[in-house]
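Notes for the structure review
What follows is each chain in one-letter form.
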Amino acid sequence: MALAIAGQVAHPTSEGPAVRWKPCPTYSDEVIRSLRLQEGQIPAFRTLMKRMECGTVTVPLDHDDPTGRKIDIAVTRLAATDKAHRIGATAILPGGPGNSGYLDPILRVALRNKEMAKLNERYDIIGFDPRGVGYSTKVACPMSPLGPREPGALTQESARQIYDAQVAANRQCGDSDPAFLGQLTTATVAKDLDLVRSALGERTFNLLGFSWGTYLGMVYRSQFPGRARRVFLDSVAPPWTRFDEHIQDSAAAAERNFGRMAAWLARRDETYGLGATARQVREEVAELVRDYDRNPKTFPGLQRPIDGSAVADLAKLTTTDWARAGKALAELKAAEDVPTVKEIFGAGMGAPVPGAPEMLNMTMNWAVTCNEDSSRADFDTAWRAYRQLVQRHPVTGRSWGLGGVKCPGWPLPAQEVTLHRGSGSLVLAGHLYEFMSVYEWTLQTRRAIGGAVFTVADDVHVSTTRVPECAAEVVRYFETGGIGKGCPGSAIPS
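First things first, this report covers the structure right here in the doc.

The rules we used
- Residues numbered from 1 in each chain as written.
- Predicted model: local features only at pLDDT ≥ 70, side-chain atom pairs only at ≥ 80, totals over all residues.
- Heavy atoms only, no water.
- Helix = DSSP H or I, 4+ residues; strand = E, 2+ residues; numbered from the N terminus.
- Rg over C-alpha atoms; globule rule 2.2 N^0.38 Å.
- Buried < 20%, exposed > 50% of the residue type's maximum accessible area, 1.4 Å probe, protein only.
- Contact = heavy atoms within 4.5 Å.
- Areas by Shrake-Rupley, 256 points an atom, 1.4 Å probe, with all protein chains shown as cover.
- Lys, Arg positive; Asp, Glu negative; His and termini not counted.
- Charge placed at Lys NZ, Arg CZ, Asp CG, Glu CD.
- Patch = residues over 30% accessible without salt bridge, like charges linked within 9 Å, V, L, I, M, F, W, Y side chains within 5 Å.
- Salt bridge = Lys/Arg side-chain N within 4 Å of Asp/Glu carboxyl O.
- Pairing = 2+ DSSP bridges.
- Right-handed = clockwise from strand over helix to strand, strands pointing away.
- Core = buried A, V, L, I, M, F, W, Y, C linked by side-chain atoms within 4.5 Å.
- Phe/Tyr/Trp six-rings, centres within 6.5 Å; stacked < 30°, edge-to-face > 60°.
- Lys NZ or Arg CZ within 6 Å of the ring centre and 35° of its normal.

On to the overall build of the chain, then. Scanning the chain from terminus to terminus reveals 19 helices and 11 strands. Relative to its length of 494 residues, the chain is compact, with a C-alpha radius of gyration of 23 Å against a globular reference of 23 Å. Counting only residues that meet the buried cut, the chain has 55% of its 494 residues in that class. Pairs at least 24 apart in sequence give 75% of the contacts found in the chain among residues at least 6 apart. Carbon together with sulfur atoms contributes 51% to the accessible area of the chain, which is approximately 21000 Å² in total. Taken together, the 57 basic and 55 acidic charged side chains of the chain have centroids lying 4 Å from each other.

A contiguous nonpolar surface patch, about 350 Å² in accessible area, is contributed by Met143, Met359, Leu360 and Met362. Structurally, methionine 362 is set in helix α16 (residues 362-371).

What follows concerns the pairing of strand β8 (residues 228-234). β8 sits mainly inside the fold: six of its seven residues count as buried. Relative to β8, strand β7 (residues 205-210) runs parallel, the two sharing five bridges. When the bridges of β8 are listed, leucine 207 appears paired with valine 231. Regarding topology, helix α9 (residues 212-223) serves as the crossover connection from β7 to the parallel β8, and that connection is right-handed. Judged from the five bridges that link them, β8 and strand β9 (residues 425-431) form a sheet pairing that is parallel. Bridge pairing in β9 links phenylalanine 232 to valine 427.

The next point concerns the environment of lysine 297. Topologically, lysine 297 is positioned in the loop between α12 (278-294) and α13 (308-315). The partly exposed category is assigned to lysine 297, whose relative accessible area is 25%. Between the C-alpha atom of lysine 297 and that of glutamate 30, which follows or precedes it by 267 residues, the distance is 36 Å.

Here we come to the nonpolar core. Grouped together as the largest cluster of nonpolar side chains are 54 residues, with contacts concentrated most on Leu181, Leu193, Phe205, Leu207 and Met218. Non-local contacts of methionine 218, meaning those with residues more than four positions away in its chain, are made with Leu233, Val236, Ala237, Pro238, Leu419, Thr445 and Ile449. Ile125, Phe210, Val427 and Val474 belong to the second-largest nonpolar core, a separate cluster that totals 43 residues.

Under the defined criterion, the tally for this structure stands at 15 aromatic pairs. Pairing tyrosine 27 with phenylalanine 45 gives two aromatic rings, centres 6.3 Å apart and planes at 45°, and the pair type is tilted. Of this pair, tyrosine 27 sits in the loop between β2 (19-22) and α1 (29-34) while phenylalanine 45 sits in helix α2 (residues 42-51), and the two are 18 residues apart along the sequence. Using a relative accessible area of 1% as the deciding quantity, one classes phenylalanine 45 as buried. Here a set of aromatic residues connected by ring pairs shows up, and it is made of Tyr123, Phe232, Phe454, Tyr477 and Phe478. The side chain of lysine 297 reaches across the aromatic face of tyrosine 292, ending 4.5 Å from its centre.

To continue, consider unusual backbone geometry. The linkage connecting glycine 96 with the following residue, proline 97, adopts the cis geometry, with an omega of 0°. If you trace the backbone, proline 97 turns up in the loop between β5 (88-93) and α3 (104-110). Positioned with a positive phi, arginine 36 is a non-glycine residue whose angle comes to about 70°. Within the secondary structure layout, arginine 36 lies in the loop between α1 and α2.

This brings us to the pairing of strand β3 (residues 53-60). Most of β3 sits inside the fold, with seven of its eight residues counted as buried. As paired elements, β2 and β3 share four bridges and run antiparallel to each other. Each residue of the ladder has a partner; that of arginine 20, found in β3, is threonine 56. Pairing of β3 with strand β4 (residues 70-78) involves eight bridges; the strand directions are antiparallel. Bridging from a neighbouring strand, glutamate 53 pairs with arginine 77 of β4.

The quantities given are spatial measurements derived from coordinates; they are silent on function.
This is the structure we're talking about:
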């Protein structure tokens, strides 16, 4: 095991990569609050930062050219607290693509809840920023608005302007640094991760993946089957990477899940006034979508004009926000005072907090998505798909915009990975009603690569480790290899 001494280099083998350890960043209370931690968690966060080790591992930009250009991968480690009974190391695989994982040992494990914190007793928890993100080597493409966007129903003329702007932006980004951007793929991140494993002196990695991190886990397990021990993947990605199919499946799941919200609202018709049956609620909200598309409204104190896409966004909200969604929809029906609408749509991102770590890199998201997307539809195909999507999903369909159009004009070739079945331990946690990672993808992934399905009976993305009852199952799996068939997930509000 490499020793973590600030400023020194640890070489676990004579020929392998090394971790260059250094002092961890220091953060102000304002920065810590921006990480969505409660005030009472700030002292514990600071204590954990003192215990966490931080460093970098140098890897080839192009793994097929190991002597060429090099980049750095930022790595963190929270060592097991029960060293006498240590089992191994668990790497946290962040979502996105483009999310930071640097602070995940603290944010996703040690401070998540008491059950998840137990994972750190017998496991080192490994975090990292994938290439292109956070403290790792990265580049930035300019982010510009995609053409004029007037509120109201999306016209073919406006759609064409949005499409053309997307093509121009894709070409500008892809041509800006093709040598680097072309190496932003899930496969290259998996190879980086294996070099991190080697640099840490670990014979194997256990993997805990979230969202895109589940696909990273699948790819790592396929590329390095003997080095993945226990693997738990939450909100499972599909075993394919076509962006248009991703949107089609997610849109269908969002419309289905609105049926659950509609039934919940109908049982509370005295509160929300949207209908006494699920069918009445569905018809009412679909009419709100049409009405606000015909007559968009601007409310004082709210920068975003409210049209049908905003109504559809409310209808897509998940279980934990059903009460707020119901209030907001009722306010839009009355079209007078809309405090809940302002609360939901008026928060915005705000100015970045000085000194805060980058939690999402959109260039990395952009490049990985487009490098792996072979659809890249022409305009006529994209427009036809959009019209079909809105027709099939009258309540939530408008929220997707030209959602299937992200990568037309991307100048770099599509790179797809062939996944392989493995014999190692694998648990696929699918959320029964979720639309961001559709439950059917979990079943498709099991058919493609094997594994056991763990069904979470909710619609909340990557909620498994947030719910203590479910988190206990995750920890039990990593400690013993055993796990049940599922858990309730996030509770439906009373």
